[in-house]
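# Examining the three-dimensional arrangement
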Amino acid sequence: MNYFSFSRQVPVPRFGQTGKALRPGIYGNGLDSRAVPFFFLLLSPCPLRRDNAILTFLRLTVPLTHSLIHKFDALILGAGAAGLMCAVEAGKRGRRVAVLERADRAGKKILISGGGRCNFTNLYCQPEHFVSANPHFAKSTLARYTPADFITLVEKYHIPYHEKTLGQLFCDQSAHDITGMLATECRLAGVKIFLNCKVREVQHTTEFMVRTEGAEYRAPVLVVATGGLSIPRLGATALGYDLARQFGLKIQQTRPALVPFLLGPGDRTRYCDLTGVSADVIVATDHHRFREKMLITHRGLSGPAILQISLYWNKGKSIRIDLAPDRDVTAAIRTAKVRNMTAALSAFQGLLPNRLATRWLELHTPSAWTNPALAKLEQQVHEWNLVPAGTEGFEKAEVTAGGVDTGELSDKTMESRKVRGLFFIGEVVDVTGHLGGFNFQWAWASGAAAGRAL
Ligand SMILES: Cc1cc2nc3c(=O)[nH]c(=O)nc-3n(C[C@H](O)[C@H](O)[C@H](O)COP(=O)(O)OP(=O)(O)OC[C@H]3O[C@@H](n4cnc5c(N)ncnc54)[C@H](O)[C@@H]3O)c2cc1C
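Within any chain, residue numbers begin from 1 and follow the written order of that chain's sequence. Local features are withheld for residues below a pLDDT of 70 in this predicted model, meaning they are given only at 70 or higher, and side-chain atom pairs are given and counted only at 80 or more; totals for whole chains, interfaces and linings count all residues.

### Some words on the overall build of the protein
Numbering of helices and strands runs from the N terminus; a helix is a DSSP stretch of H or I covering at least four residues, while a strand is a stretch of E covering at least two. Tallying secondary structure elements over the protein gives 16 helices and 23 strands in all. Whether a residue is buried, exposed or partly exposed is read from the other C-beta atoms within 10 Å of its own C-beta, which are placed from the backbone; 20 or more gives buried, 12 or fewer gives exposed, and intermediate counts give partly exposed. Across the 454 residues in the protein, those meeting the buried criterion constitute 43%. Placing C-beta atoms from the backbone, we regard two residues as in contact once those atoms come within 7 Å. For the protein, the proportion of contacts with a sequence separation of at least 24, taken over those separated by at least 6, is 72%.

Encoded structure:
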């Protein structure tokens, strides 16, 4: 049985070993107002009416007796990568931890990550692989929970994995191996995971109170691990940002990142019928460049190189693409017996995908086959300047850049500097990694930092 999916919120007492229900009663929802008329019918002299009224009154009120107050040492909102890691670390330290998850299972994003094989970390993880308004913030957190730490855990569970490219580690079999591992770790650490929790309200007095549709959870500590806004169909919500605002924390503007670009109508007409064509390119903004694959899509450009640069791109700005890095594309034309389109096609098709080479020459036919004209052709293929019309947005973005301002948090524990006992971890924080396992590494590291501080 999948542990992640059996800890359902209702009926709650099934999971109450450490999460003690203090006393059953009418908490959280208040009395269902539909029950009121039936209450008065209870006084009716007609026995049939009275019996029906009793039944209806019980139906509307008795379920409320399942509403419970649960007391824990720590509440974690969100059973994603960061929330689960935090729960495990805190649970191992003897803390009674409840994870409240909105979805019907935990770790949904882990399951779809890395094409279903979860690129769970990167061997070459460095602070330079992260973007934040404060580029120094993530350093100490990342240093205290490294890729080697996560690999040790993966190896403890005998999960087969491999390095795909550039230090990116993927499961050999399935991302289920990672969620299974985290589920077991949670179980061993006594963590309670409550699924299908619709958070209605969060209050803070002497402790934190989270009210869901059917229950109330209390703890001196609240960890917000609700992730970003990307892929709303997987259940992404803005709860983390709303809570940050509720508690007066600053937020760096959020935007979709690691996301495909849309091309404007002109470029779309020129290139997008080449959907599926992929090339090894260098793509750059003024200060950043990535050498990886680029893919032409039916609406624009995608592939790892494009997703990476999207992290540094601002609307209205151009990007530069070198379609043939380190190659002298026109060398073969210059030395050809006859300089003409046939020689050019042969030279370009030797170095670029055929359809792209043909299209490029159609659109950039030199005015003559002179050395200066060939030099210009060479320059154009290395410096394709494009202004993307936009991005595919949160629907297709792998991550949300921006988020809870790191100036609000301790870099040792991820605790709010303003509100004692309130923590933010994972993607909801303004730390965004490059493509390649860095975002999970941030989730593990920030989750561990908070978990060890609870
Ligand atoms: C398609 C795709 C592929 C990816 N592949 C990779 C990869 O291979 N490697 C990599 O490093 N990164 C990858 N990422 C990014 C990575 O998945 C995230 O950065 C990471 O999951 C963030 O972890 P998190 O715990 O902060 O957030 P999440 O994993 O998003 O978890 C947040 C959890 O909070 C829950 N939640 C949200 N709102 C509420 C609420 N109101 N109440 C209760 N619970 C709530 C969500 O349901 C979710 O379970 C990928 C992302 C996508 C979209």
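Structure's up, so let's keep going.
### Focus on the sheet that holds strand S10 (residues 208-212)
Paired through backbone hydrogen bonds, the strands of a sheet run either parallel or antiparallel to each other. Strands were regarded as paired on the criterion that DSSP finds at least two bridges between them. Spatially, four strands are ordered S1-S11-S10-S9 in an open sheet, and the strand pairing comes out mixed. Where the open sheet ends on each side, the last strands, each with one partner, are strand S1 (68-71) and strand S9 (199-204). In this sheet, adjacent strand axes meet at a mean angle of 20 degrees when their direction is disregarded. Pairing geometry for S9 and S10, over five bridges, is antiparallel. Pairing of Val202 across the sheet is with Val210, part of S10. Here an angle of 0 to 180 degrees is reported between the N-to-C directions of two axes, which are lines fitted to C-alpha atoms, with helices fitted over the stretch in contact.

### What about the sheet that holds strand S12 (residues 222-224)?
An order of S8-S3-S2-S12-S22 is seen for the five strands of this open sheet, with the pairing classed as parallel. Only two strands of the sheet have a single neighbouring strand rather than two, namely strand S8 (192-194) and strand S22 (422-424). Shown here is a sheet whose adjacent strand axes are inclined to one another by a mean of 20 degrees, direction ignored. Inspection of the sheet shows strand S2 (residues 74-77) paired to strand S3 (residues 97-100) by four bridges, in the parallel sense. Residue pairing across strands places Leu77 opposite Leu100, the latter belonging to S3. Helix-sheet contacts for helix H4 (residues 81-92) involve S2, S3 and S12, and the interaxial angle to S3 is about 170 degrees.

### Observations concerning the pairing of strand S18 (residues 319-322)
Burial along S18 is one-sided: the face carrying Ile319 and Ile321 is buried and the face carrying Arg320 and Asp322 is not. As defined by bridge partners, strand S15 (residues 278-284) adjoins S18 across three bridges and the pair is classed as antiparallel. Pairing of Ala284 across the sheet is with Arg320, part of S18. Of the strand pairs in this sheet, S18 and strand S19 (residues 384-386) are connected by three bridges, and their pairing is antiparallel. The residue of S19 that forms the bridge with Arg320 is Asn385.

### Some details on the site of the ligand
Near, as applied to residues and a molecule or strand, means the residue's backbone-placed C-beta atom lies within 6 Å of it. Taken together, 38 residues lie around the ligand, and Gly78, Gly80, Ser113, Gly227 and Gly426 are the ones closest in. Elements supplying a minimum of two residues to the shell around the ligand: H4, helix H5 (108-112) and helix H16 (438-453). Ranked by residues supplied to the shell around the ligand, first place goes to H16 with four residues. Its residues assigned to classes, the shell around the ligand comprises 18 nonpolar, 14 polar and six charged. Charged means Asp, Glu, Lys or Arg here, nonpolar means Ala, Val, Leu, Ile, Met, Phe, Trp, Tyr, Cys or Pro, and polar covers whatever is left, Gly included.

### Quick notes on the nonpolar core
With 81 residues, the main nonpolar core has Leu75 and Val223 as its most contacted residues. Counting residues per element, this core draws most heavily on H16, at nine residues. For Val223, the contacting residues outside a window of four places in its chain are Ala74, Ile76, Leu77, Cys86, Phe423, Ile425 and Ala450. Core analysis: the next-biggest nonpolar cluster, separate from the first, contains 37 residues, Leu301, Ile306, Phe348 and Val381 among them. By definition, a nonpolar core groups buried Ala, Val, Leu, Ile, Met, Phe, Trp, Tyr and Cys residues that connect through C-beta atoms lying within 7 Å of each other.

### Some points on unusual backbone geometry
Its identity as a non-glycine residue notwithstanding, Leu166 has a phi of 50 degrees, on the positive side. With a phi close to 50 degrees, Leu258 is a non-glycine residue in the positive phi region. On the basis of neighbour counts, which here come to 26 C-beta atoms within 10 Å, the residue Leu258 falls in the buried class.

### Details of helix H8 (residues 176-188)
Take the number of residues in a helix, subtract one, and multiply by 1.5 Å to get its expected span. An ideal rise of 1.5 Å per residue puts 18 Å on 13 residues; H8 measures up with 18 Å between its terminal C-alpha atoms. Every buried residue of H8 is listed here: Asp177, Ile178, Thr179, Met181, Leu182, Ala183, Glu185 and Cys186. One or two steps after H8, the chain reaches Gly190, where phi turns positive at roughly 75 degrees.

### Looking at the packing of H4 against H8
Here H4 crosses H8 at 30 degrees, and the two axes come no closer than 8 Å. One finds that H4 runs roughly parallel with respect to H8. Between H4 and H8 lies a crossing of left-handed hand. Seen from H4, the contacting residues are Leu84, Ala87, Val88 and Gly91; seen from H8, they are Leu182, Glu185 and Cys186. Grouping the constituent residues of the contact of H4 with H8 by class yields five nonpolar, one polar and one charged. Oblique is the label for any angle not under 35 degrees, not over 145, and not in the 65 to 115 range, which are roughly parallel, roughly antiparallel and roughly perpendicular in turn. Definitions for this section: a left-handed crossing has its near helix turned counterclockwise from the far helix by less than a right angle. A right-handed crossing has that turn clockwise.

### Section: H16
With 16 residues, H16 should cover 22 Å at 1.5 Å per step; its first-to-last C-alpha distance of 23 Å lies within 8% of that length. Summarising burial for H16: 14 of the 16 residues are buried, a large majority.

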